[in-house]
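Letter by letter, the chains look like this.
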Amino acid sequence: MGYVLTLARTLNFNKAAQEIGISQPTLTYHVKNMEKEVGFMIFLRDGKNVSLTLAGEQFCISLRQIMDEYKSAVERGQNLSRRYSSNIRI
């Protein structure tokens with residue numbers, strides 16, 4: 001998910017790959033696999049130009065919401081864990 005969102009933000013395979021810390025061919029591989037998995041093109045590629053398809057735009061909106069929910073769930077779990085771990089004594 002992070003690969004797709006980074007590329008959606010930068011709209012540049014080289015910049016996105018550099019930000020993520022992987023090679024551009026590796027990023028291309030992961031994006032193609034994601035598109036294959038979801039069954040639609042997320043990005044339009046025209047030479048060096050990259051843009052989101054309409055379906056890709058909606059998909060990225062949903063991915064951002066999922067990532068926000070994930071981060072929130074992790075924070076809630078960490079807060080709950082801290083609260084109860086400080087009360088446990090053996």
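We now turn to the structure provided with this report. (Residues numbered from 1 in each chain as written. Predicted model: local features only at pLDDT ≥ 70, side-chain atom pairs only at ≥ 80, totals over all residues. Heavy atoms only, no water.)

Further remarks concern the pattern of salt bridges. Tallied over the entire structure, the rule returns two salt bridges. Between Glu-19 and Arg-9 there is a salt bridge; the shortest N-O distance is 2.4 Å. Of the two residues, Glu-19 sits in helix H2 (residues 13-20) while Arg-9 sits in helix H1 (residues 2-10), which places them 10 residues apart along the sequence. The exposure class assigned to Glu-19 is partly exposed, which follows from its relative accessible area of 48%. Classification of Arg-9 as exposed rests on a relative accessible area of 54%. In this structure, Arg-45 engages Glu-35 in a salt bridge whose closest nitrogen and oxygen atoms are separated by 2.9 Å. Pair noted here: Arg-45 is in strand S1 (residues 43-46) and Glu-35 is in helix H3 (residues 24-38), with a separation of 10 residues, a long-range link. In this structure Arg-45 comes out as partly exposed when scored by relative accessible area, which is 32%. (Salt bridge = Lys/Arg side-chain N within 4 Å of Asp/Glu carboxyl O. Helix = DSSP H or I, 4+ residues; strand = E, 2+ residues; numbered from the N terminus. Buried < 20%, exposed > 50% of the residue type's maximum accessible area, 1.4 Å probe, protein only.)

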